[in-house]
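Working through the structure, step by step
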Amino acid sequence: MNKKGIFDILEIGIYMFFVIVVSVFIFLAAFKYLNEKIDTTNLEISLLTKRLTYSDSCLAYKDSARVHQGTIDLAKLNFNTLTNCFSKESLGYVVTVTDIAGNVLKSASNLNARQEAYLPICKNVKGYHCIKKKNLVQYYDGNETKTGFVTVEVINLVG
Amino acid sequence: MLDKKGDFGFPFYFFPAVTLLVLTLVFFGIIFFVVEIGKSPNLVIRSESYQDSSKLITVLNSHTKVQQSGVNLTISELISLASEDQNYKDELTSEIKFLLDKLPRIQVGETLADVIIATPASTRETIKEGHWILEIKTNNESFLNIGETQTLANNYLEQLIFIPLSDGNLAEVKLYLNCFACKAEDIDFIA
């Protein structure tokens, strides 16, 4: 190889270095957009709350005439009803009904052992996102319908 | 510019070219990684899109302390009564104010994960600019307006219901959140 040949190799090497730099940049930009984090926890808790309070197969109070959407039957609030109402492996939730003064009337959940352990310390657990949402609802306590709150607390494995 | 001994022009165009390349990478790096120009702000549909009139229905179906024939009247029944007898207007106002204070409110300035639903007694001083407003109209005229509106504030989560009155007319009842400087995520959270 002569001097010109060595220079050619060096020149090509420098060009290749910059091609690699630009390629890595394009790859990083594409990777960032393709792997954008999509967190649907807030939407899921909204839809879950509606399902819980509107569906007869969940917590909605039903009498001989009709299903009272937006009215929770306290007698239905238990583990079995919640599990049959909505189950998702990565998502667990706690449903608490309180009266208008904030006194807890009844609470139930469908949490597994890991979710139950992580829920109180959710902020410090990597990969989990927890949200608590409170809504004004009516509830049926066996005698009459009253106004209170339903609080749905969700623990979601987001990866 | 090539000759037998190599490219003499290489040093002359190499450095400007490298400088131009670095500037281009820095410019597009800022656009893509800092400004995030291509990022969609609405990747996930907002909970607000699924909101209905459930809050207003619950308010209207709530029982009050006002009794008639030994039965506690609901808010909607009290509206009908107050439209005929103005003496009941004050009681209606206090009952509705009590319920509006109980509705979930926004703590502006906190992150979505840190938002705690406000209770009137303990956190009123931390609530910035989000108030629930309830308006009642009868015969297209304003009958009752409850709640504080803020200047330069926007209205969100509007819910509208028509309820029958005892005189055969309809009362238009509107509930909405009046909020200044509220973010979409905050509105979503209480939708």
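How each quantity is defined
- Residues numbered from 1 in each chain as written.
- Chains lettered and ligands numbered in written order.
- Predicted model: local features only at pLDDT ≥ 70, side-chain atom pairs only at ≥ 80, totals over all residues.
- Heavy atoms only, no water.
- Salt bridge = Lys/Arg side-chain N within 4 Å of Asp/Glu carboxyl O.
- Helix = DSSP H or I, 4+ residues; strand = E, 2+ residues; numbered from the N terminus.
- Buried < 20%, exposed > 50% of the residue type's maximum accessible area, 1.4 Å probe, protein only.
- Disulfide = S-S within 2.5 Å.
- pLDDT = per-residue confidence, 0-100.
- Pairing = 2+ DSSP bridges.
- Axes fitted to C-alpha atoms, helices over the stretch in contact; angles between N-to-C directions.
- Contact = heavy atoms within 4.5 Å.

Structural notes on the pattern of salt bridges
Here the idea is simple: oppositely charged side chains can pair when their charged atoms come close. One pass over the structure, following the stated rule, counts six salt bridges over all chains. Note that Glu44(A) and Lys88(A) form a salt bridge whose closest N and O atoms lie 2.7 Å from each other. Of this pair, Glu44(A) sits in helix α2 (residues 41-54) while Lys88(A) sits in the loop between α3 (79-85) and β3 (91-99), and the two are 44 residues apart along the sequence. Between Lys50(A) and Asp52(B) there is a salt bridge, with the nearest N and O atoms lying 3.5 Å from each other. Separated into two different chains, Lys50(A) in helix α2 and Asp52(B) in the loop between α1 (10-35) and α2 (54-61) make up a pair that spans both. For Asp52(B), a relative accessible area of 24% gives the class partly exposed.

Regarding the state of the cysteines
Residue and element names in this part refer to chain A. Throughout the structure, instances matching the rule amount to three disulfides over all chains. Across the disulfide, Cys 122 is cross-linked to Cys 130 (sulfur-sulfur distance 1.9 Å). What sets the handedness of the Cys 122 and Cys 130 disulfide is the S-S torsion sign, and at about 90 degrees it is right-handed. Of the two residues, Cys 122 and Cys 130, both sit in the buried class.

Overview of the confidence of the model for chain A
For chain A, the mean per-residue pLDDT works out to 89, and 96% of the residues sit at or above 70. Per-element confidence in chain A is highest for strand β4 (residues 104-109) of chain A, whose mean pLDDT is 96, and lowest for helix α1 (residues 3-34) of chain A, whose mean pLDDT is 83.

Observations concerning the sheet that holds strand β8 (residues 170-179) of chain B
Residue and element names in this part refer to chain B. The strand order β6-β5-β8-β7 describes an open sheet built from four strands, whose pairing is antiparallel. The outermost strands of the open sheet, each flanked by one partner alone, are β6 (141-146) and β7 (154-164). Within this sheet the neighbouring strands show an average axis-to-axis angle of 20 degrees, counted without direction. The pairing of strand β5 (residues 130-138) with β6 spans five bridges and is classified as antiparallel. Directly across from Thr 138, in β6, lies its bridge partner Glu 141. Where α2 meets the sheet, it contacts β5, β7 and β8, and its direction lies at approximately 45 degrees from that of β7.

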